[in-house]
Amino acid sequence: MPIASRYARLCFALALIAGAAPVHAQDLLQVWQKALQRDPIYAANSASRDADQERVPQARARLLPYITADGVAEVDHRRRLRDLSSSNSQRRAFWALTLVQPIVNIGAWGELKRADYIAKSGDVAKAASYQDLVLRVSQAYFDVLAAQDTLRALEAEKTAVQSQLRAARQSFELGSTTIADTYEAQARLDLLNAGEFQARNVLQVSADQLARIINERPGPLAELAPDTVLPGPTPNRLTDWTAQSSHANLAVAQADLAAKIVEKQIDIAKSQHYPTLQLQAQTGSASDNGLYSPDGGPRSLDTTVGLQLSIPIFTGGEISSVVREQSSRLQQARYQLEDARRQAIQSTQQYFSGVTSGLAQIEALQSAEKSSLASLNANQTGYEIGVRINIDVLNAQQQLYETQRSLSQARYNTLMNSLRLKASSGILSDQDIVAINHLLTIKR
């Protein structure tokens, strides 16, 4: 056998082995770690936070000494206007080194404190972006799982209806039933086919949303086992959660810092009325060639040290207007702070109720699933012995699989409400991702 032919066969075999190799499933923690590195929204907020931190050294620089160096060299050439024959040239040069040290500048100190609030606000914004990423990753992950569960339930229901359709056709051929049973089963199957197309589209869209966050197509995902018991809120008292969220909610902290920034802006505006004092020291040298002699002029090293006091007297009413403007903005910021606090409390109440009612709903749907399964078995048995008709079996099948889909969605909604409850209270972290990840299992 030629070497090229053997090499081609070997490559083909390796390709088949690689294609048959199983794709390793990912769990929520692995997806989260990828999102933390690749999500552009979180990366943009991190860059914004880093930019806000630079406001502090910029404001501090106004309180530190600064040095400037100046140098000038010029030539002054003169001619008589009458005949343009008589001319005179002068060359001048000087340099100066100036040191300025602010001593009293109330506005600069206010700017430094305001910059510190802005930097803290950037930290809070990054923390809020971190929590938002936890919620977005979890929601996208559970949306994929919910879409998979819905598709599986539809496929199982479709298989059951197909079996019922075959039974109806056989019964019609034997003359024990009418053609109506066949039409009923066929109509139900056609509706399931249409629902399956929609379910596949929802699964595709959900996978695309997760891929947008982690920048890759998600493979098989670890799933929530049907018998998994979901934890309740800890502590299980609403008052504890609302008290926590009223002061620890990140939106509340952000609004509080915004109000403090405006308060400091008022102080800065008022400081424009205050005098400023600074130390100024300068040294330099100058020469003037041609003024005293054709060979060169005097040259000396001059040094001056002194204090410069500046007192604003009248600015046309601008400072007073700025103070009034910032006072109105402070009222606005305080109203927004109160709104953020009320919103945090309302959201905490909503998500706490979502968790507690979700757990109760899951328990009720689990009982309904058992009852629906028993009902389906009873109707199938009754259909076989002739005491139930075809539509009874179809309705029992539909009820069972709808219950299963509702149960699946209720479990994911409860988990998301538990995460949102912690986010509303300002305590959501990656440890909550780890805790939920322990509830997931990889299907073999």
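Residues numbered from 1 in each chain as written. Predicted model: local features only at pLDDT ≥ 70, side-chain atom pairs only at ≥ 80, totals over all residues. Heavy atoms only, no water.

**Q** For this particular structure, what's the right way to read the overall build of the protein?
**A** Of regular secondary structure, the protein possesses 11 helices and six strands. For the protein, with 444 residues in total, the buried portion stands at 36%. Long-range contacts, defined as pairs at least 24 residues apart, comprise 82% of the intrachain contacts of the protein with a sequence gap of at least 6. As presented, the protein carries roughly 26000 Å² of accessible surface, and 55% of it is formed by carbon and sulfur atoms. (Helix = DSSP H or I, 4+ residues; strand = E, 2+ residues; numbered from the N terminus. Buried < 20%, exposed > 50% of the residue type's maximum accessible area, 1.4 Å probe, protein only. Contact = heavy atoms within 4.5 Å. Areas by Shrake-Rupley, 256 points an atom, 1.4 Å probe, with all protein chains shown as cover.)

**Q** Help me understand the UniProt feature "coiled-coil region" (unreviewed entry) in the protein, please; the structure alone is not making it clear to me.
**A** UniProt records the feature "coiled-coil region" (unreviewed entry) for residues 144–171 and 323–350 in the present numbering. Annotation note: span residues 144–171, helix share 100%, strand share 0%, distance between end C-alpha atoms 40 Å. (UniProt positions renumbered as here; feature names shortened; annotations may be inferred.)

**Q** Can you help me understand a nonpolar patch on the surface in this one?
**A** Taken together, Ile-103, Val-104, Ile-106, Tyr-274, Leu-279, Val-305 and Leu-307 make up a surface patch of nonpolar side chains, about 630 Å² in accessible area. Taken together, the elements giving at least two residues each to the nonpolar patch come down to β2 (87–104) and β5 (299–310). Relative to the assigned elements, Ile-106 resides in helix α5 (residues 106–174). (Patch = residues over 30% accessible without salt bridge, like charges linked within 9 Å, V, L, I, M, F, W, Y side chains within 5 Å. Salt bridge = Lys/Arg side-chain N within 4 Å of Asp/Glu carboxyl O.)

**Q** What's the story with the packing of aromatic side chains in this structure? I'm lost.
**A** What characterises a pair of aromatic rings is the spacing of the ring centres plus the angle enclosed by the ring planes. One pass over the structure, following the stated rule, counts four aromatic pairs. Plain terms: the ring middles of Phe-142 and Tyr-412 are 5.6 Å apart, the flat faces sit at 20 degrees to each other, and that makes the pair stacked. In this pair, Phe-142 sits in helix α5 while Tyr-412 sits in helix α10 (residues 390–424), placing the two residues 270 residues apart along the sequence. (Phe/Tyr/Trp six-rings, centres within 6.5 Å; stacked < 30°, edge-to-face > 60°.)

**Q** Got a minute to help me understand the nonpolar core in this structure?
**A** Considering soluble globular proteins, one finds that nonpolar side chains tend to be buried as a cluster. Val-137, Tyr-141 and Phe-142 are the most contacted members of the largest nonpolar core, which has 37 residues in total. Broken down by secondary-structure element, the contributors of at least two residues to this core are α2 (28–38), α5, α6 (179–214), α9 (318–385), α10 and α11 (430–437). Not counting chain neighbours up to four residues away, the residues in contact with Val-137 comprise Leu-28, Val-31, Trp-32, Ala-35, Leu-210 and Ile-213. Residues Leu-154, Leu-165, Ala-185 and Leu-394 belong to the second largest nonpolar core, which totals nine residues. (Core = buried A, V, L, I, M, F, W, Y, C linked by side-chain atoms within 4.5 Å.)

**Q** Looking at this structure, I do not really get the pattern of salt bridges. What am I missing?
**A** When their charged atoms lie close together, side chains carrying opposite charge are able to pair. Counted by the stated rule, this structure contains 23 salt bridges. The shortest N-O distance in the salt bridge between Asp-256 and Lys-260 comes to 3.6 Å. With Asp-256 and Lys-260 both in helix α8 (residues 250–270), this residue pair falls four residues apart, about one helical turn. Bridged by salt links that share partners, the residues Glu-155, Lys-158, Glu-196 and Arg-200 form one connected network.

**Q** What's the story with the layout of surface pockets in this structure? I'm lost.
**A** To find the voids left in a structure, one rolls a probe of water-molecule size over its atoms. In this structure, the largest pocket encloses a volume near 420 Å³. Secondary structure elements with two or more residues in the lining of the largest pocket: α5, β3 (223–224), α9 and α10. Top element by residues in the lining of the largest pocket is α10. It accounts for six residues. Residue composition of the lining of the largest pocket, by class: five nonpolar, three polar and eight charged. In terms of lining, the second largest pocket is formed by 14 residues, of which the most central are Pro-231, Gly-232, Ser-418, Lys-422 and Asp-432. (1 Å grid on protein atoms, 1.4 Å probe; cavity = no way out; pocket = protein on both sides within 12 Å on 5 of 7 lines; lining within 4 Å. Points joined across faces, edges and corners; volume = space filled by probe spheres on them. Nonpolar A, V, L, I, M, F, W, Y, C, P; charged D, E, K, R; others polar.)

**Q** Can you help me understand the side chain of Thr-182 in this one?
**A** Summarising the element assignment, Thr-182 is placed in helix α6. Sequence-distant contacts of Thr-182, defined by excluding residues within four places in its chain, comprise Leu-165, Ala-168, Arg-169 and Phe-172.

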